[in-house]
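The lines below spell out each chain.
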Amino acid sequence: MSTAIVTGSARGIGRAICEKLAKDGVENIVVCDVKAEWCEETVEAVKALGANAIAMEINVADGASIEAGVDAIIKQFGAIDICVNNAGITRDGLLMRMTEEDWDSVLDINLKGAFLMTKAVSRNMLRARKGSIINIASVVGLMGNAGQCNYSASKGGLVALTKSAARELGARGVRVNAVAPGFIKSKMTDVLTDDVKNRMLSVIPMGKFGEVEDVANAVAFLASDAAAYITGQVISVNGGMLMP
Ligand code: NAI
């Protein structure tokens with residue numbers, strides 16, 4: 001029996017991750033987002049693939065919401081084997097115009113949320129001496145991006161959190177890795193102007209944007225036993241946009 005939780009999985013990359021994990025045979029998938037009702041489409045899609053899915057309201061910026069959610073999952077399924085910290089937002093703007101609120105909201109959700117969730121699930125994983133935690137970072141956390149000081153700092157922080165947690169938890173069988181997507185077609189990137197999209201496209205050697213499934217495939221690999229000796233790593237899924 002294996003159980004996965006994917007934060008921010010009502011849509012986009014999170015939904016694709018839930019579907020891929022279900023296809024790969026994960027039995028229980030906890031679909032969570034800011035509102036439980038937003039999760040219904042993902043829950044139905046996962047069920048159609050033959051896995052058990054439940055919707056759960058978890059706001060990752062709220063520690064109490066995370067604790068309550070993780071407790072409920074442990075009560076219902078006995079364990080959490082896979083945790084994907086996928087929830088994320090952008091509040092773009094140039095540094096000189098970026099407000100403190102823009103900074104705090106992005107850091108609270110993208111970085112503090114992953115810290116709180118990692119802390120909550122690792123308690124159970126350490127006891128079980130197994131588990132895989134995967135953080136969804138970003139290419140801009142590795143290279144920076146004008147207009148995204150808050151977002152790139154949150155994603156760069158997530159990479160550092162990944163490596164530190166991997167060092168702390170590795171001896172007890174818990175692996176922590178990150179996936180750093182480049183430009184992926186989703187509601188998050190739909191809002192960008194054609195000018196920005198064309199500039200991005202011009203620096204992608206593969207000459208196209210990624211699909212949500214491209215990210216989900218990398219996550220599913222890191223979640224699986226095929227990645228049993230991989231921890232503290234960042235897998236880039238970016239069409240060659242950055243080659244560190
Ligand atoms: P999306 O905007 O379609 O999905 C994000 C999900 O997170 C939404 O369902 C949203 O409701 C949820 N969410 C927001 N705040 C939350 C909170 N406080 N608690 C729980 N859930 C919350 O975006 P997309 O593209 O699917 O992004 C998923 C992840 O991938 C994000 O972490 C994003 O930063 C990252 N990413 C996306 C890239 C892209 O090109 N689309 C590139 C690199 C990284």
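Quick caveat: nothing in here was measured; it's all calculated off a predicted structure. Here the residue numbering is sequential within each chain, running from 1 through the sequence in written order. Per-residue local features are limited, in this predicted model, to residues with pLDDT of at least 70; the limit for side-chain atom pairs, both in listing and counting, is 80 or more; totals at the level of whole chains, interfaces and linings are taken over all residues. Heavy atoms throughout the structure, all of them, feed into the side-chain values; hydrogens and water do not.

## Topic: the packing of helix 4 (residues 100–128) against helix 6 (residues 149–169)
Right, on to step 1. Direction vectors running N to C along helix 4 and helix 6 enclose 15 degrees, while the axes themselves pass 8 Å from each other. In terms of orientation, helix 4 lies roughly parallel with respect to helix 6. For the crossing formed where helix 4 meets helix 6, the hand is right-handed. In contact with D102, W103, V106, L107, N110, L111, A114, F115, S122 and L126 of helix 4, helix 6 contributes C149, N150, Y151, A153, S154, K155, G157, L158, L161 and L169.
Right, on to step 2. Any residue outside Ala, Val, Leu, Ile, Met, Phe, Trp, Tyr, Cys, Pro, Asp, Glu, Lys and Arg is labelled polar, Gly included; the first ten of those are nonpolar and the last four are charged. Of the residues assigned to the contact of helix 4 with helix 6, the class counts are 13 nonpolar, 5 polar and 2 charged. Note on method: axes are straight lines fitted to C-alpha atoms, helices fitted across the in-contact stretch only, with angles between N-to-C directions ranging 0 to 180 degrees. Here a strand is any run of E in DSSP of at least two residues, a helix any run of H or I of at least four, and the numbering for each starts at the N terminus. Orientation labels follow simple angle bins: below 35 degrees gives roughly parallel, above 145 gives roughly antiparallel, 65 to 115 gives roughly perpendicular, and whatever is left gives oblique. Less than a right angle of anticlockwise turn of the near helix away from the far helix marks a crossing as left-handed, whereas a clockwise turn marks it as right-handed. The contact definition used throughout considers only heavy atoms, calling two residues in contact when any of these lie within 4.5 Å.

## Considerations on the packing of aromatic side chains
Right, on to step 1. Classification of ring pairs uses Phe, Tyr and Trp, with its six-membered ring standing for Trp, and accepts pairs whose centres are within 6.5 Å; under 30 degrees between planes counts as stacked, over 60 as edge-to-face, and the remaining range as tilted. Enumeration according to the criterion identifies 1 aromatic pair in this entry.
Right, on to step 2. Measuring from ring centre to ring centre gives 3.9 Å for F183 and F209, while their planes differ by 25 degrees; the resulting arrangement is stacked. Of this pair, F183 sits in the loop between strand 6 (174–181) and helix 7 (187–190) while F209 is found in the loop between helix 8 (194–201) and helix 9 (212–223), placing the two residues 26 residues apart along the sequence.
Right, on to step 3. The class for F183 is buried, based on a relative accessible area of 7%.
Right, on to step 4. Using a 1.4 Å probe on the protein chains alone, a residue whose accessible area is under 20% of its type maximum counts as buried, one over 50% counts as exposed, and one in between counts as partly exposed. Since its relative accessible area comes to 16%, F209 is described here as buried.

## Structural notes on the site of the ligand
Right, on to step 1. One heavy atom suffices: a residue is near a molecule or strand as soon as one of its heavy atoms comes within 4 Å of it. Of all residues adjacent to the ligand, which total 29 residues, the nearest are R11, D33, N86, Y151 and S186.
Right, on to step 2. Here N86 contributes a backbone N or O atom positioned 2.7 Å from an oxygen atom of the ligand.
Right, on to step 3. Any pair of N or O atoms that falls within 3.5 Å is considered a polar contact. Within protein, one atom must be able to donate a hydrogen and the other to accept it, and sequence-neighbouring residues count only if both atoms are side-chain atoms. Within the contact set of the ligand, an oxygen atom lies 2.9 Å away from a side-chain nitrogen or oxygen of K155.
Right, on to step 4. Elements with a contribution of two residues or more to the shell around the ligand: helix 1 (12–23), helix 6 and helix 7.

## Some remarks on the state of the cysteines
Right, on to step 1. Disulfides are defined as pairs of cysteine sulfur atoms found within 2.5 Å of each other. Taken as a whole, this structure holds 0 disulfides when the rule is applied.
Right, on to step 2. There is no disulfide at C32, and the cysteine sulfur nearest it, in C39, is 6.6 Å away.
Right, on to step 3. Taking relative accessible area as the criterion, C32 reaches 0% and is therefore assigned buried.

## Considering the sheet that holds strand 4 (residues 82–85)
Right, on to step 1. Here we have 7 strands laid out as an open sheet, ordered 3-2-1-4-5-6-7, and parallel in their pairing. Among the strands making up the open sheet, the edge pair consists of strand 3 (52–57) and strand 7 (234–237). Sheet twist, expressed as the mean angle between neighbouring strand axes with direction ignored, is 20 degrees.
Right, on to step 2. In the packing of helix 1 onto the sheet, contacts are made with strand 1 (3–6), strand 2 (28–33), strand 4 and strand 5 (131–136), and the angle to strand 1 comes to roughly 170 degrees. Two strands form a pair only when DSSP identifies at least two bridges running between them.

## A look at the pairing of strand 6
Right, on to step 1. The buried fraction of strand 6 is high, at 8 of 8 residues.
Right, on to step 2. Across 6 bridges, the pairing between strand 5 and strand 6 is parallel. Paired with S132 across the two strands is R175, which belongs to strand 6.
Right, on to step 3. Sheet analysis places strand 6 next to strand 7, joined by 4 bridges and oriented parallel. When the bridges of strand 7 are listed, V179 appears paired with I235.

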